[in-house]
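# Geometric and topological summary
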Amino acid sequence: MFEDLLGLPFVDGGRGPDKYDCWGLACEVYRRHGIELPDYRISAYDTRKIGQQITNSLPDYIEVKYPLPVPCLMAIRVNGSYASHVGVYVGNGQFIHAYQPTGVVIDRIKRWQSSIVGFYVPGG
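For the structure given in this document, a descriptive report is provided here. Remember, predicted model here, so these are calculated numbers, not experimental data.

### Remarks on the pairing of strand 5 (residues 103-108)
The pairing of strand 4 (residues 94-99) with strand 5 spans six bridges and is antiparallel. Looking across to strand 5, one finds that phenylalanine 95 is bridged to aspartate 107.

Below is the structure:
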């Protein structure tokens, strides 16, 4: 379902169809499941502002203890003490995300376990 996204470049503010940042990719994955997420237009490099937006948006999402069947947002701490990156769980212990320098990839949750802040679904 996401093979056409793999390998696309990470671009700050990327909303597709040929480039994505992490939130733009999350929006696309959810769109493919018939769910529209709000489009937060924040530079991917403004980690403080992203962290604030994630915190401010938490009432709009339900935190789940474990990743639910697709799609399930993952808040990830990359730099600093707060979440500033997102991915989407795609099943089998894997998630899809876009980041610099690799672009869109599918990664193992186990590899990022210590950086995962939580799992969320829209609808809080």
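### Section: the nonpolar core
Residues Leu5, Trp23, Leu25, Leu73, Ile96 and Val104 are the most contacted members of the largest nonpolar core, which totals 29 residues. Contributing elements (two or more residues each) for this core: helix 1 (22-31), helix 2 (47-57), strand 2 (72-76), strand 3 (85-91) and strand 4. Per-element tally for this core: the top contributor is helix 1, with seven residues. Aside from chain neighbours lying at most four places away, what touches leucine 73 is Trp23, Ala26, Tyr30, Tyr61, Gly87, Val88, Gly118, Phe119 and Tyr120. Residues Val64, Ile76, Tyr89 and Phe119 belong to the second largest nonpolar core, which totals twelve residues.

### Some thoughts on the sheet that holds strand 4
Ordered in space as 1-6-2-3-4-5, the six strands form an open sheet in which the pairing is antiparallel. Looking at the sheet topology across the chains shown, the edges are occupied by strand 1 (61-64) and strand 5. Looking at each pair of strands side by side, their axes are set apart by 35° on average, direction ignored. Seen against the sheet, helix 1 touches strand 1, strand 2, strand 3, strand 4, strand 5 and strand 6 (116-122) and runs at an angle of roughly 30° to strand 3.

### Some remarks on the pattern of salt bridges
For the structure shown, the criterion picks out eight salt bridges. The residue arginine 15 makes a salt bridge to aspartate 21 at a minimum N-O spacing of 2.5 Å. A salt bridge links arginine 31 to glutamate 28; its shortest N-O distance comes to 2.5 Å. A residue pair is termed a helical-turn pair when its members lie 3 or 4 positions apart in one helix, as arginine 31 and glutamate 28 do in helix 1 at three residues. Under the relative-accessibility criterion, glutamate 28 is labelled buried at 10%.

Conventions and cut-offs
Residues numbered from 1 in each chain as written. Predicted model: local features only at pLDDT ≥ 70, side-chain atom pairs only at ≥ 80, totals over all residues. Heavy atoms only, no water. Pairing = 2+ DSSP bridges. Helix = DSSP H or I, 4+ residues; strand = E, 2+ residues; numbered from the N terminus. Core = buried A, V, L, I, M, F, W, Y, C linked by side-chain atoms within 4.5 Å. Buried < 20%, exposed > 50% of the residue type's maximum accessible area, 1.4 Å probe, protein only. Contact = heavy atoms within 4.5 Å. Axes fitted to C-alpha atoms, helices over the stretch in contact; angles between N-to-C directions. Salt bridge = Lys/Arg side-chain N within 4 Å of Asp/Glu carboxyl O.

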